[in-house]
Amino acid sequence: MTGSRPYPSDREKWARRLANLSGLAGRARPPVGQTPHDCVFEENKWRLLRYRSAVAPRWRRPVLLVPSLINRHYVMDLLPGKSLAAYLVAEGHDVFVVDWGTPGDEDRFLGFDDVAGRYLDRALRRTARIAGADRAHVLGYCLGGTLAVVHAAVQQGRIASLALLAAPVRFEDDGPLSAWTRSATFRPDAVVRAFGNVPWQLLQGAFHMIRPTLGLSKSVALLDRAWNDEFLDGFLALETWGHDNVSFPGACFEKYIVELYKRDALVKGELRLLGRPARLSAITCPVYVVTFAHDGIVPHESARVLLDHVTSLDKHHLHLAGGHVGAVVSRAASKGLWPALATFFRDRDR
Amino acid sequence: MTPWDLWKKSFDVWEDATARYVEKWTKSPVVLGPTGLALDVAMRAKSAWDDALAGLWGGLGLPTKRDQERTLFLIQRLESRLLDLEERLEDTLDDARDPSPHRPRD
């Protein structure tokens, strides 16, 4: 807290900065993912969670949050006041989220079709049924958004609308991930054969290599703003989330890299899911694509391009400042992104 | 502007320039080719070692790690199919209750 004055003097800042940094190791980690919820369904390692609401939902159709497969779902429910899920609940939405869980060694055989086809179908079906609705709105984030797009391209019967946060659709771009995975000498099958599930340490190492100076940059940011307790809690919560990663189920990783990255099959209309063609032109539901200007993981054009391919007439693009994660959990998000998403779902619920 | 602010600004400029420079190299085929090859060789060596151990273990008539993984996965798949059947049953009951063509179906 900053006391009675909204902004402390430089001297006060240094005093607080030093006090906070010296006590950083012993500082209690902020509790993440605290919005009350119930597990309403589970299969294999994944669970469907429903956020509790003190009052009955105001809108007819529920919202299903689909996070990335390799990050924990609670990035969308990071801290009180920094929770997209809690915001949507407060806006009267009935909110569900897929918690993909932690794959076991046997999940090396779990395929992309199992996840994007069967599991997502089950999550949508259960969400709609539990909420007593015919369809659900879907909010996909990062790889979760890509999974939702692929699913919608094959079976969109239960999807009322599709909102996508930094969800790559075209994988041939000028980003580092595209260059690395499309390199002729990179063989995902060899990695999967050696490890089974692709270890999160390997994935995290690759993500660090996207911007190797990021660790140093974060340390300087921490030093700069350590006087601010709110910043410090947010920083520690994000670090907790950032180091709580999940290994990628082997077979799923192999198809994801070969079909989506190396062949760019989704945007070319050549991808198949559960034996059926996944054509973006088959998507007719309302679509809302959100991209971030400083996203080093998903270049904004590789996500925006979806709008050029869907048949939907009700399609919109929101381009915001910020990075891949910060733009979703920041204070600015609570004033820009979150209200925009809540309004999108509300207006498509009539 | 305080000395700290000034230093921070310089740091940000340096960090951005360095990150761009490093990215240019990490995306270069000169780096990517040999790195991919080295990873591939390391992965193949690990697989060969694991296969040799599994061969020894299997030779004793014991189930290997891969055998156990496959069995566990098949059990999960069986559970998944049972859930599919439950859902079909639910759909059939729903159809009987509400035969409207507008009800979402797979």
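### A look at the overall build of chain B
Inference 1: Check the secondary structure of chain B and you find 3 helices and 0 strands.
Inference 2: Along chain B, helices and strands appear, N-terminal first, in the series α-α-α.
Inference 3: Taking the principal axes of its C-alpha atoms as reference, chain B extends roughly 75 × 55 × 30 Å.
Inference 4: Counting the 106 residues in chain B, one finds 23% classified as buried.
Inference 5: A gap of 6 Å separates the mean positions of the 16 positive and 20 negative side-chain charges of chain B.

### Observations concerning the overall build of chain A
Inference 1: A count of helical and extended segments in chain A gives 16 helices and 10 strands.
Inference 2: Rg of the C-alpha trace for chain A: 20 Å, near the compact-globule value of 20 Å for 350 residues, within the 12% margin.
Inference 3: Here chain A, with 350 residues, has 57% of them falling under the buried criterion.
Inference 4: Within chain A, contacts between residues at least 6 apart in sequence are counted, and of these 80% link residues at least 24 apart.
Inference 5: Surface summary for chain A: the accessible area is close to 13,600 Å², and the carbon and sulfur share equals 55%.
Inference 6: Each charge class in chain A can be summarised by its mean position, and for the 45 positive and 36 negative side chains these summaries are 2 Å apart.

### Examining the side chain of Asn197 of chain A
Residues and elements named next belong to chain A.
Inference 1: Along the chain, Asn197 turns up in the loop between helix H6 (188-195) and helix H7 (200-210).
Inference 2: At 2.8 Å, the side chain of Asn197 and the backbone oxygen of Gly104 are in polar contact.
Inference 3: From its side chain, Asn197 meets the backbone nitrogen of Gly250 in a polar contact 3.2 Å long.
Inference 4: Aside from chain neighbours lying at most four places away, what touches Asn197 is Pro103, Gly104, Asp105, Asp107, Arg108, Ser247, Phe248, Pro249 and Gly250.

### Comments concerning the interface of chain A and chain B
Inference 1: If you look at the interface, chain A gives 49 residues, while chain B gives 47 residues.
Inference 2: Between chain A and chain B lies a buried interface of about 4,300 Å² when both sides are counted; carbon and sulfur atoms form 53% of it.
Inference 3: Across the chain A-chain B interface, the total number found is 14 salt bridges.
Inference 4: For Asp114 of chain A, the salt bridge is made with Arg77 of chain B, and the minimal N-O distance between the two is 2.4 Å.
Inference 5: For the interface between chain A and chain B, the tally reads 24 residue pairs in polar contact (both at pLDDT 80 or more).
Inference 6: The greatest single-element share of the side of chain A that touches chain B, amounting to 7 residues, is contributed by helix H3 (residues 112-131) of chain A.
Inference 7: When grouped by side-chain class, the residues that make up the side of chain A that touches chain B number 19 nonpolar, 8 polar and 22 charged.

### Digging into helix H9 (residues 229-242) of chain A
Residues and elements named next belong to chain A.
Inference 1: Taking 1.5 Å as the rise per residue, H9 with 14 residues should run 20 Å; its terminal C-alpha atoms sit 19 Å apart, in good agreement.
Inference 2: Listing the buried residues of H9 in full gives Phe231, Leu232, Gly234, Phe235, Leu236, Ala237 and Trp241.
Inference 3: Tucked into the core, H9 has its buried residues touching helix H1 (10-22) and helix H8 (214-225).
Inference 4: Looking at where H9 begins, the residue whose side-chain oxygen comes 2.9 Å from the main-chain nitrogen of Glu230 is Asn228.

### Overview of a nonpolar patch on the surface
Inference 1: Residues Tyr21, Trp25, Val30 and Val31 of chain B make up a contiguous nonpolar surface patch of about 400 Å² in total accessible area.
Inference 2: Among the elements of the structure, helix H1 (3-26) and helix H2 (29-59) of chain B are those that each provide at least two residues to the nonpolar patch.

### Notes on the sheet that holds strand S2 (residues 46-51) of chain A
All names here are of chain A.
Inference 1: The mixed open sheet is built from 8 strands, whose spatial order is S1-S2-S4-S3-S5-S6-S9-S10. In the strand order of this sheet, the two ends are held by strand S1 (37-43) and strand S10 (315-320), each with one partner. Strand-to-strand, the axes of this sheet are offset by a mean angle of 20°, without reference to chain direction.
Inference 2: As paired strands, S2 and strand S4 (residues 95-99) are joined by 4 bridges and run antiparallel to one another. Bridge pairing in S4 places Arg50 opposite Phe96.

### Section: the pattern of salt bridges
Inference 1: Taken as a whole and judged by the stated rule, the model has 46 salt bridges over all chains.
Inference 2: For the salt bridge of Lys45 of chain A with Glu106 of chain A, the shortest nitrogen-to-oxygen distance reads 2.8 Å. Taken together, the positions of Lys45 of chain A in the loop between S1 and S2 and Glu106 of chain A in the loop between S4 and H3 put the pair 61 residues apart, joining distant regions of the chain.
Inference 3: A salt bridge links Arg135 of chain A to Asp134 of chain A, with the shortest nitrogen-to-oxygen separation between them at 3.1 Å.
Inference 4: For Asp134 of chain A, a relative accessible area of 27% puts it in the partly exposed group.
Inference 5: If you follow the salt bridges from partner to partner, you end up with Glu43, Arg122, Arg125, Arg126 and Arg129 of chain A together with Arg81, Asp84, Glu87, Glu90, Asp91, Asp94 and Arg97 of chain B in one network.

### Some points on the nonpolar core
Residues and elements named next belong to chain A.
Inference 1: Counting residues in hydrophobic clusters, the biggest one holds 70 residues, and the most contacted among them are Trp100, Phe112, Leu162, Phe248, Tyr256, Ile283 and Leu306.
Inference 2: Residues in contact with Ile283, not counting those within four places in the same chain, are Val149, Ala152, Ala153, Gln156, Val310, Thr311 and Ser312.
Inference 3: In this structure, Val75, Leu79, Leu139 and Ala327 belong to the second largest nonpolar core, which totals 39 residues.

### Observations regarding the environment of Ala237 of chain A
Residue and element names in this part refer to chain A.
Inference 1: Mapped onto the elements, Ala237 comes out in helix H9.
Inference 2: Through-space distance from the C-alpha of Ala237 to that of Arg348 is 33 Å; in sequence the pair is 111 residues apart.
Inference 3: In this view, Ala237 contacts Pro30, Val32, Leu78 and Leu79; residues no more than four positions away in its chain are not counted.

### Focus on H1 of chain A
Inference 1: With 13 residues, H1 of chain A extends 18 Å from end C-alpha to end C-alpha; this agrees with the ideal 18 Å at 1.5 Å per step.
Inference 2: Among all positions of H1 of chain A, only Lys13, Arg17 and Asn20 of chain A are buried. For H1 of chain A, the buried positions fall inside an angular range of 75° around the axis, keeping them on one side. The exposed set on the far side of H1 of chain A, more than 90 degrees from its buried face, consists of Arg11, Leu18 and Ser22 of chain A.
Inference 3: Elements that come into contact with the buried residues of H1 of chain A comprise H8 and H9 of chain A together with H1 of chain B.

Procedures and definitions
Residues numbered from 1 in each chain as written. Chains lettered and ligands numbered in written order. Predicted model: local features only at pLDDT ≥ 70, side-chain atom pairs only at ≥ 80, totals over all residues. Heavy atoms only, no water. Helix = DSSP H or I, 4+ residues; strand = E, 2+ residues; numbered from the N terminus. Buried < 20%, exposed > 50% of the residue type's maximum accessible area, 1.4 Å probe, protein only. Lys, Arg positive; Asp, Glu negative; His and termini not counted. Charge placed at Lys NZ, Arg CZ, Asp CG, Glu CD. Rg over C-alpha atoms; globule rule 2.2 N^0.38 Å. Contact = heavy atoms within 4.5 Å. Areas by Shrake-Rupley, 256 points an atom, 1.4 Å probe, with all protein chains shown as cover. Polar contact = N/O pair within 3.5 Å; in protein donor to acceptor, adjacent residues only side chain to side chain. Buried area = accessible area lost by both parts, 1.4 Å probe. Salt bridge = Lys/Arg side-chain N within 4 Å of Asp/Glu carboxyl O. Nonpolar A, V, L, I, M, F, W, Y, C, P; charged D, E, K, R; others polar. Expected span 1.5 Å × (residues − 1). Patch = residues over 30% accessible without salt bridge, like charges linked within 9 Å, V, L, I, M, F, W, Y side chains within 5 Å. Pairing = 2+ DSSP bridges. Axes fitted to C-alpha atoms, helices over the stretch in contact; angles between N-to-C directions. Core = buried A, V, L, I, M, F, W, Y, C linked by side-chain atoms within 4.5 Å. Arc of directions from axis to C-beta.

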